[in-house]
Amino acid sequence: MQVSSLNEVKIYSLSCGKSLPEWLSDRKKRALQKKDVDVRRRIELIQDFEMPTVCTTIKVSKDGQYILATVVTFETLSDDYSKIVFLHNDRYIEFHSQSGFYYKTRIPKFGRDFSYHYPSCDLYFVGASSEVYRLNLEQGRYLNPLQTDAAENNVCDINSVHGLFATGTIEGRVECWDPRTRGRVGVLDCALSSVTADSEINSLPTISALKFNGALTMAVGTSTGQVLLYDLRSDKPLLVKDHQYGLPIKSVHFQDSLDLILSADSRIIKMWNKNSGKIFTSLEPEHDLNDVCLYPSSGMLLTASEAPKMGIYYIPVLGPAPRWCSFLDNLTEELEENPESTVYDDYKFVTKKDLENLGLTHLIGSPFLRAYMHGFFMDIRLYHKVKLMVNPFAYEEYRKDKIRQKIEETRAQRVQLKKLPKVNKELALKLIEEEEEKQKSTWKKKVKSLPNILTDDRFKVMFENPDFQVDEESEEFRLLNPLVSKISEKRKKKLRLLEQQELHGKEEEEEPEGKPSDAESSESSDDEKDWVAEVRKQRRLLQQEEKVKRQEQLREDQQTVLKPQFYEIKAGEEFRSFKDSATKQKLMNKTLEDRLKLEAKNGTLSVSDTTVGSKQLTFTLKKSEQQKKQQEAEKLHRQERKAVRRSAGHLRSRPRRGRPFH
């Protein structure tokens, strides 16, 4: 038993390996098993699992109890082997029952494939003819054939969900027919869709494999090595996969539990995801393949090849082992504990461009190259020999590369020029200086290093997008950072020096001089005084700038001349004041900043500064015309009442004389 692994998927070959002659004694067999590992690992699941001649088709019965193999093709009409139909290469059709041969008939032309339609009990035969022959098993006679537009038909299949019949032609088309009306319902031009930018095709692609899956999915294989996945609602393929060998696709199968498609040509079996098209794994048998069959509800794979012996492969990822060989699960678990080298350890992966550079494109399709994904595997010894012949000066190039690497290593040890970003250069320089100070402190004391903003991807946009540029001329920045102006002047000088170094291509950088401890202590005592003085200075500057802006705005308002505007009223409409609606419409079209400026100008909005540098906004709500009229009416009413009001001072009662009443 051999084990291969591709993309971390284990494939156990149960049919290859050394076999022991039957005439050997038990003692001799035990001795060979102790010496030879291949003999010790040999597992014979099915005795004499081979054909007397080459077989072209292999299938498993629906109940999973029987494996059948023939020369052309066959179909089981029952769940077991009790009802089978065989198609021979001499135009004969044989019907077999459980007891053996039952009936024999012929079709007019040589057949290549057939399918069984269960609802109508019809057999559909395709072959070297433009007609699709129909044989009804209930009536026991041939029905009128279906006339296709093709010269010949290669394969056919019937959808098990809705009964759609499809046939693949030698012109590279797939014709779909409705068995109920015996009419063609659609045609797919697969030959045109199989041609991609990377494929090289020397002949017209014909349809060599066809398989339905569910109600809407269909896979088509071509004679040039492409597999096309279709949704029946569209004439364009969902995916196009190339086997890279240029050989006809022999068989296509669906594995529903893992959403995989198995496609095989005579050299390789590829398993790939039907949604993404990503290769799941691949398998290269010893002999050229003719057919592949998936064992139902398990991870076993059966192959029919040009050799009489048929292949059995077990892939645990696809599913469990069949019931009659359930011990394989325990056996593979034991083999997992002793991992071995993979098949491709001694191979070199090369692309098609590499083959062109080496002059080995003529080896494509030969045993020297094994197609895999977007390239090929070739023997590592052959690769080194050819590369040495093609490029005899490879050692000189290797020597130059080593010298170049040494020079780059020595350059890396020098003082590197600081490359500042295009946005927020001053902020970046500030962060670099802080990082250098932290590094100096970590040398003296063991301090945990914090992440740097410049190297953090979360703040990457801050130094690339101009929208994040810090506006140092804004009022908020100048009031909240009063001492930044002095420090920024020093930093701007340093920036100019760095830019000059970049222009002249210098690779050295002047180290900043440190400050003495006495100066640091003296400066720390004057920080508060400097801060207060700088805040006052910035506030005076802001007030002067605001005064200048107001004077310029007043000067512009005086220079502007208002021109009258005329409006035309439509016929049949009364004139109404549209001043408010037009003003509202203009306000809605303006930005928030323009609206705030307009409201501040009209007096409905007032902006004032606070002591800490923030802003305070005060809004005055506008009143409608009806509210204004009501207020005017109330004001007039109060004035009228006040005018007609009479004094009531004479109604005061005079104090009474006499004894007070207790």
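About the thresholds
Residue indices follow the written sequence of each chain, beginning from 1 at its first position. Only residues with pLDDT of at least 70 get local features here, since the model is predicted, and only at 80 or more are side-chain atom pairs given and counted; chain-wide, interface and lining totals rely on the full set of residues. As a convention, hydrogens and water are excluded, and side-chain values are obtained from all of the structure's heavy atoms. UniProt positions are given in the numbering used here, feature names are shortened, and annotations may be inferred rather than shown by experiment. Put simply, DSSP marks the helices as runs of H or I at least four residues long and the strands as runs of E at least two long, and each gets a number from the N terminus on. Exposure is judged per residue with a 1.4 Å probe applied to protein chains only, and the accessible area is read against the type maximum: over 50% gives exposed, under 20% gives buried, and values in between give partly exposed. Any pair of residues with heavy atoms lying within 4.5 Å of one another is described as a contacting pair. Each accessible area value is a Shrake-Rupley result obtained with a 1.4 Å probe; residue values ignore everything except the protein chains displayed when judging cover. Whether two strands pair depends on DSSP finding at least two bridges between them. Here an axis means a line fitted to C-alpha atoms, over the contact stretch when the element is a helix, while the angle between two N-to-C directions is reported on a 0 to 180 degree scale. Stacked, edge-to-face and tilted are the three classes for Phe, Tyr and Trp ring pairs, Trp counted by its six-membered ring, which pair at centre distances within 6.5 Å; planes under 30 degrees apart are stacked, over 60 edge-to-face, the rest tilted. Think of a nonpolar core as a cluster: buried Ala, Val, Leu, Ile, Met, Phe, Trp, Tyr and Cys residues, connected wherever their side-chain atoms sit within 4.5 Å. Here, a salt bridge means any Lys or Arg side-chain nitrogen found within 4 Å of an Asp or Glu carboxyl oxygen.

- Per an unreviewed UniProt entry, the protein is named Nucleolar protein 10, and its organism is Bos mutus grunniens.
- Taken directly from UniProt, the Sequence similarities (unreviewed entry) text for the protein runs: "Belongs to the WD repeat NOL10/ENP2 family."
- The heading Subcellular location (unreviewed entry) in the UniProt record of the protein holds the text "Nucleus, Nucleolus".

1. Comments concerning the overall build of the protein
Thinking step 1. Each helix and strand in the protein was counted, giving 15 helices and 32 strands.
Thinking step 2. Looking at the protein residue by residue over its 662 residues, the buried ones come to 34%.
Thinking step 3. Excluding contacts between residues fewer than 6 apart, the proportion of contacts in the protein whose partners are at least 24 apart in sequence is 45%.
Thinking step 4. Accessible surface, the protein as shown: approximately 45800 Å² in total, 51% of it carbon and sulfur.

2. Digging into the sheet that holds strand β30 (residues 375–379)
Thinking step 1. Pairing is antiparallel in the open sheet, where three strands are placed in the order β28-β30-β29. Edge positions in the sheet fall to β28 (347–351) and β29 (369–372), since each of these pairs with one other strand and no more. Taken over all neighbouring pairs, the strand axes of this sheet differ in orientation by 35° on average, direction set aside.
Thinking step 2. Of the pairings in the sheet, the one linking β28 to β30 comprises five bridges and is antiparallel in character. Looking across to β30, one finds that F349 is bridged to F377.
Thinking step 3. Most of the contacts of helix α6 (residues 380–390) go to β30, to which it runs at about 90°, and overall it touches β28 and β30.

3. A look at the sheet that holds strand β10 (residues 122–127)
Thinking step 1. One open sheet accounts for four strands, arranged β9-β10-β11-β12; its pairing is antiparallel. At either end of the open sheet lies a strand with only one pairing partner, and these are β9 (111–117) and β12 (141–147). This sheet shows a mean twist of 25° between the axes of neighbouring strands, independent of strand direction.
Thinking step 2. Looking at chain direction, β10 and strand β11 (residues 131–136) are connected through four bridges and run antiparallel.

4. What about the packing of aromatic side chains?
Thinking step 1. What the rule picks out here adds up to eight aromatic pairs.
Thinking step 2. A ring pair is formed by Y66 and Y81, whose centres lie 4.7 Å apart and whose planes are at 65°; its orientation type is edge-to-face. Within this pair, whereas Y66 is found in the loop between β3 (57–60) and β4 (67–70), its partner Y81 is found in the loop between β5 (73–76) and β6 (84–87), the two being separated by 15 residues in sequence.
Thinking step 3. With a relative accessible area of 34%, Y66 lands in the partly exposed category.

5. Details of the nonpolar core
Thinking step 1. Counting 18 residues, the largest nonpolar core has I58, M300, L302 and L328 as its most contacted members.
Thinking step 2. No other element matches the three residues that strand β26 (residues 300–305) contributes to this core.
Thinking step 3. Ranked by size, the runner-up nonpolar core spans 15 residues in total, among them L262, A264, M271 and Y313.

6. Some details on the pattern of salt bridges
Thinking step 1. All told, the structure shown has 11 salt bridges when counted by the stated rule.
Thinking step 2. Between K59 and E75 there is a salt bridge, with the nearest N and O atoms lying 3.3 Å from each other. With a gap of 16 residues between them, K59 in strand β3 and E75 in strand β5 connect regions that are remote in the sequence.
Thinking step 3. Assessed through its relative accessible area of 25%, K59 is described here as partly exposed.
Thinking step 4. D456 is paired through a salt bridge with R458; the nearest N and O atoms lie 2.8 Å apart.
Thinking step 5. For D456, a relative accessible area of 17% gives the class buried.
Thinking step 6. Judged by relative accessible area, R458 falls into the exposed class, the value being 67%.

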